[in-house]
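Working through the structure, step by step
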Amino acid sequence: MTQDEALAILKTGANVFLTGEPGAGKSHTVNQYVKYLREHDIEPAITASTGIAATHIGGMTIHAWSGIGIKDQLTKADIQHIKGLPYYAKRIKKSKVLIIDEVSMLDGKVFALVDRVCQGVRDSTDPFGGLQVICVGDFFQLPPIMRRPVTREEDLWSQLSEEEHGPEFAFQSEAWLTLDPTVCYLTEQHRQDDPVFLSVLSAIRSDAVEDKHLRHIETRIQRE
C-alpha cells in the first residue's frame, strides 16, 4: 500500500493500524494526516507508548494523556475519579482522533485500560468511546516492557496463563479485537534504494534468511 492510499483511508475516519518496514513512511503519513486534520480545525490527540517516542512526535505518553499514569489496573472508582478531573476529562471528551505511536511497545493490558477510560469519560460503549484511533508501529520491532515476576530458578512467567498477567501485545487484547482497525501496510521504501540490501534487511526482519542473503553479507567482509 502506498502512503497516499493509506492517507485516503485515514481521511474516511476509520480506525487504522498503520504499519510497515522501517523507512516505509509511517511517520510521514501520520504527519500528513495531522496536517489535514488541523486544516479542518480538528486537533488530534498525539500520543506514544514511551516518553522518548512522545518527544519525537511532539506529543505525550498515552499514560499521561489518559490519566492512568503508572497503573496497570483500574477500578470503576478510578475511572470515575479520572472523569471528575477537568484536566483529563476535558481533553478526552473534546478529542475526535487519538494517535498512538510506537504501539508495539504498549502492552495489551494498558491498551485495554485506555479503552475503558475513554469509554467511561465519554459515556460511550463504543471502542475508545467513539474516537478514531490510529495505531502506528511495527510489531517486528521493540516489544512492550513488562513487569514480570523474578525467580531464582526457572522462569515461571512462561507458565502463567494470559488471564493471570494479561495480553503482552496490544493486538492480543480484547480492546484491539473490538476496535478492529483497518491494517494499512506501507510497502514503499523511502530510506534505502539498494534492492539487494533491502532484501537482506527484510529477510532478517521476518526470520527468513536464506543462503543467498548470507552470501551477500559475506561479500561485505573485509579481509586483511
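Residues numbered from 1 in each chain as written. Predicted model: local features only at pLDDT ≥ 70, side-chain atom pairs only at ≥ 80, totals over all residues. Heavy atoms only, no water.

Side note on the overall build of the chain
A tally of regular secondary structure across the chain gives 11 helices and six strands. Taken across its 224 residues, the chain has 40% of its residues classed as buried. Once local pairs closer than 6 in sequence are excluded, the contacts in the chain between residues at least 24 apart make up 71%. Of the roughly 13,200 Å² that the chain leaves accessible, carbon and sulfur atoms contribute 52%. (Helix = DSSP H or I, 4+ residues; strand = E, 2+ residues; numbered from the N terminus. Buried < 20%, exposed > 50% of the residue type's maximum accessible area, 1.4 Å probe, protein only. Contact = heavy atoms within 4.5 Å. Areas by Shrake-Rupley, 256 points an atom, 1.4 Å probe, with all protein chains shown as cover.)

A look at the pairing of strand E2 (residues 45-48)
With burial as the criterion, each face of E2 is covered, one bearing Ala45 and Thr47 and the other bearing Ile46 and Ala48. Across four bridges, E2 lies against strand E4 (residues 97-101) in parallel orientation. The partner of Thr47 across the bridge, within E4, is Ile100. With two bridges joining them, E2 and strand E3 (residues 60-61) adopt parallel strand pairing. In the strand pairing of E3, Ala48 is matched with Thr61. With helix H3 (residues 51-57) bridging E2 and its parallel neighbour E3, the resulting β-α-β unit is right-handed. (Pairing = 2+ DSSP bridges. Right-handed = clockwise from strand over helix to strand, strands pointing away.)

Comments concerning the nonpolar core
Counting 29 residues, the largest nonpolar core has Trp65, Leu98, Ile100, Phe111, Val114 and Phe128 as its most contacted members. Elements supplying a minimum of two residues to this core: helix H4 (62-66), helix H5 (76-83), helix H6 (86-94), E4, helix H7 (108-121), strand E5 (132-136) and helix H9 (174-179). Among the elements that make up this core, the one with the highest residue count is H7 (seven residues). With 17 residues, the next largest nonpolar core counts Leu7, Val16, Ile99 and Ile134 among its residues. (Core = buried A, V, L, I, M, F, W, Y, C linked by side-chain atoms within 4.5 Å.)

What about helix H2 (residues 26-39)?
For H2, with 14 residues, the first-to-last C-alpha span of 20 Å sits near the 20 Å given by 1.5 Å per residue. All of the buried residues in H2 are Lys26, Thr29, Val30, Tyr33, Val34 and Leu37. For H2, the buried positions fall inside an angular range of 140 degrees around the axis, keeping them on one side. Counted as exposed and oriented over 90 degrees from the buried face of H2: Asn31 and Glu39. For H2, the secondary structure elements touched by its buried residues are helix H1 (3-10), strand E1 (16-20), E2, E4, E5 and strand E6 (182-186). (Expected span 1.5 Å × (residues − 1). Arc of directions from axis to C-beta.)

Regarding the packing of aromatic side chains
Remark: the centre distance and the inter-plane angle together describe each pair of aromatic rings, the angle taken between the planes. Counted by the stated rule, this structure contains 10 aromatic pairs. Geometrically, the ring pair formed by Tyr33 and Tyr36 is stacked, given 6.1 Å between the ring centres and 15 degrees between the ring planes. With a gap of three residues between them, Tyr33 and Tyr36 both fall in helix H2, about one helical turn apart. Assessed through its relative accessible area of 3%, Tyr33 is described here as buried. (Phe/Tyr/Trp six-rings, centres within 6.5 Å; stacked < 30°, edge-to-face > 60°.)

Focus: the pattern of salt bridges
In total, this model carries three salt bridges according to the counting rule given. The salt bridge partner of Asp78 is Lys71, with a shortest N-O separation of 3.5 Å. Here Lys71 falls in the partly exposed class, since its relative accessible area comes to 41%. (Salt bridge = Lys/Arg side-chain N within 4 Å of Asp/Glu carboxyl O.)

Digging into the confidence of the model for the chain
Per-residue confidence for the chain gives a mean pLDDT of 87, with 88% of residues at or over 70. Long-range and interchain partners of residues 150-154, a stretch whose pLDDT sits below 50, account for two contacts in this model, where long-range means more than four residues apart. Of the regions scoring below 50 in pLDDT, residues 156-164 engages in 11 contacts with residues more than four places distant in sequence or in other chains. (pLDDT = per-residue confidence, 0-100.)

Some remarks on the side chain of Ser95
Note on placement: Ser95 falls in the loop between H6 and E4. The class for Ser95 is buried, based on a relative accessible area of 6%. A polar side-chain atom of Ser95 sits 2.4 Å from the main-chain carbonyl oxygen of Arg91. Those residues in contact with Ser95 that sit more than four places away from it in its chain are Ala45, Trp65, Arg122 and Leu131. (Polar contact = N/O pair within 3.5 Å; in protein donor to acceptor, adjacent residues only side chain to side chain.)

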